[in-house]
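# Descriptive structure summary
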Amino acid sequence: MMSLFEISLQHYLIIAAVLFCLGLYIVLTRKNAVAILMGVELILNSANINLVAFSHYLTNNISGHVFAIFVIVLAAAEAAVALAIIINIYQNFKTVDVDKTDELKG
Amino acid sequence: MNISEIIYHLIFYVFAMLVIGSALVVAFSRNILYSAFALLLTLFGVAGLYVFLQADFLAAAQVLIYVGGILVLILFGVMLTHQISNVNLSNPAVKPWLAGPLVLIILAGLIWIIVKTDWSGPKIWLDLIGSELKILPGPTTQQIGQAIMGKYLLPFEVVSVLLLAALLGAAYLARSRGKSNQ
């Protein structure tokens, strides 16, 4: 069982689970495309915490760190492309509300 | 338990509360700019957790890439997609009564699994990983570099090509249109 005064794997996993659920809540409820992007970043961060925590507590293997770096790189690429798309959407629709951008040809 | 352990635990819980509290602000703030700045604190807190997990290189990379890069991009996105005159950068939640319980159920399920699982039990699958790339004491930067240039060379090259493609794609998408825009 987990105790409060011995920081174990479960502490990190629970933090990551809370972070994941908050990110999921943002992605589900927000209409602003930039806000949805923030939710995705939270989800990616929670996955990263899991990877590093497992690497530290269970496998003692550097692979978890390497995977986390790949996730960070993909998050950076995703943020750049997503923001370019969002700015284009804003130029075409004058809004970034994902409910109102429902045409392919703006 | 001596004083240094108490301080260690205290700092851990401060970082945990920082991560979760600022993530709550990101999720529930009505103003998207507040959300963006709370995301800054969340990412810093995650970097702190990496330090607790003895991932020094990842903590530095987290601060450099997330806080220095991605967050600035997101702030640019927030600023560029609102009218200057529109002071109220509102960011309302849609159907929170539907998403809230759903997310709470998922969270309860996850925490139930995390608490119930016997993490210290036998780990047969550890044999699949093998004994190479064990974390040695000391800084992890050199070990990560050797892993990337050794066992993970192919994923590294694929990611570098993907970064190039994303760079070109973002530059192509965000370019000014010139005449075709009119």
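A brief report on the enclosed structure follows. (Residues numbered from 1 in each chain as written. Chains lettered and ligands numbered in written order. Predicted model: local features only at pLDDT ≥ 70, side-chain atom pairs only at ≥ 80, totals over all residues. Heavy atoms only, no water.)

### Quick look at the overall build of chain A
When helices and strands are counted, chain A shows three helices and zero strands. Taken from N to C terminus, the helices and strands of chain A fall in the order α-α-α. Relative to the globule expectation of 13 Å for 106 residues, the C-alpha radius of gyration of chain A, 18 Å, shows a markedly less compact shape. Counting over 106 residues, chain A shows a buried share of 60%. Within chain A, contacts between residues separated by at least 24 positions form 51% of all contacts whose residues are at least 6 apart in sequence. Split by element, the accessible area of chain A, about 4100 Å² in all, is 65% carbon and sulfur. Here chain A contributes 5 positive and 7 negative side-chain charges, whose respective centroids are spaced 13 Å apart. (Helix = DSSP H or I, 4+ residues; strand = E, 2+ residues; numbered from the N terminus. Rg over C-alpha atoms; globule rule 2.2 N^0.38 Å. Buried < 20%, exposed > 50% of the residue type's maximum accessible area, 1.4 Å probe, protein only. Contact = heavy atoms within 4.5 Å. Areas by Shrake-Rupley, 256 points an atom, 1.4 Å probe, with all protein chains shown as cover. Lys, Arg positive; Asp, Glu negative; His and termini not counted. Charge placed at Lys NZ, Arg CZ, Asp CG, Glu CD.)

### Details of the nonpolar core
Among the nonpolar cores identified, the biggest contains 77 residues, and Tyr12(A), Met38(A), Ile49(A) and Ile74(B) are the most heavily contacted of them. For this core, the secondary structure elements donating two or more residues are α1 (9–29), α2 (33–59) and α3 (63–93) of chain A together with α1 (3–28), α2 (32–52), α3 (56–80), α4 (96–116) and α6 (141–149) of chain B. At 14 residues, α1(A) tops the list of elements feeding residues into this core. Residue contacts for Tyr12(A): discarding those within four places in its chain leaves Ile7(A), Ile49(A), Asn50(A), Ala53(A), Tyr57(A), Phe12(B), Leu49(B), Phe52(B) and Leu53(B). (Core = buried A, V, L, I, M, F, W, Y, C linked by side-chain atoms within 4.5 Å.)

### Some remarks on unusual backbone geometry
Although it is not a glycine, Asn60(A) sits at a positive phi angle of roughly 50°. Mapped onto the elements, Asn60(A) comes out in the loop between α2 and α3. Unlike most non-glycine residues, Gln54(B) shows phi in positive territory, near 60°. Inspection of the secondary structure assignment puts Gln54(B) in the loop between α2 and α3.

### Some points on the pattern of salt bridges
All names here are of chain A. Using the criterion set out here, one finds two salt bridges over all chains in the structure. Between Lys31 and Asp97 there is a salt bridge, and its shortest N-O distance comes to 3.7 Å. With Lys31 in the loop between α1 and α2 and Asp97 in the segment after α3, this pair connects stretches of sequence that are 66 residues apart. A residue is classified by how much of its surface remains accessible, and Asp97, at 11% relative accessible area, is buried. (Salt bridge = Lys/Arg side-chain N within 4 Å of Asp/Glu carboxyl O.)

### Some remarks on the packing of α2(A) against α3(B)
Put simply, α2(A) and α3(B) touch, their axes get as near as 11 Å, and they point 170° apart. Overall, the two elements α2(A) and α3(B) adopt an arrangement that is roughly antiparallel. Along its contact with α2(A), which presents Val34(A), Leu37(A), Met38(A), Glu41(A), Leu44(A), Asn45(A) and Val52(A), the element α3(B) presents Leu58(B), Gln62(B), Tyr66(B), Ile70(B), Ile74(B), Gly77(B) and Val78(B). Grouping the constituent residues of the contact of α2(A) with α3(B) by class yields ten nonpolar, three polar and one charged. (Axes fitted to C-alpha atoms, helices over the stretch in contact; angles between N-to-C directions. Parallel < 35°, antiparallel > 145°, perpendicular 65-115°, else oblique. Nonpolar A, V, L, I, M, F, W, Y, C, P; charged D, E, K, R; others polar.)

### Some words on α6(B)
For α6(B), the complete set of buried residues consists of Gln143(B), Ile144(B), Ala147(B) and Ile148(B). In a view along the axis of α6(B), the buried residues occupy a sector of 135°, so they form one face of it. In α6(B), those exposed residues whose orientation departs by more than 90 degrees from the buried face are Gln142(B), Gln146(B) and Met149(B). Buried residues along α6(B) sit against α3 of chain A together with α3 and α7 (153–173) of chain B. (Arc of directions from axis to C-beta.)

### Let's talk about the packing of α2(A) against α2(B)
Packing of α2(A) against α2(B) leaves a shortest axis separation of 11 Å and a crossing angle of 10°. Here α2(B) runs roughly parallel to α2(A), going by the angle between their axes. Across the interface between the two elements, Val34(A), Ala35(A), Met38(A), Leu42(A), Asn45(A), Asn48(A), Ile49(A) and Val52(A) of α2(A) pack against Ile32(B), Ser35(B), Ala36(B), Leu39(B), Thr42(B), Leu43(B), Val46(B), Leu49(B) and Tyr50(B) of α2(B). A class-by-class count of the residues in the contact of α2(A) with α2(B) yields 13 nonpolar, four polar and no charged.

### Some details on a nonpolar patch on the surface
Taken together, the side chains of Phe5(A), Met1(B), Ile3(B), Ile6(B), Ile7(B) and Ile11(B) make up a nonpolar region of the molecular surface, amounting to roughly 620 Å² of accessible area. Summarising the element assignment, Ile7(B) is placed in helix α1. (Patch = residues over 30% accessible without salt bridge, like charges linked within 9 Å, V, L, I, M, F, W, Y side chains within 5 Å.)

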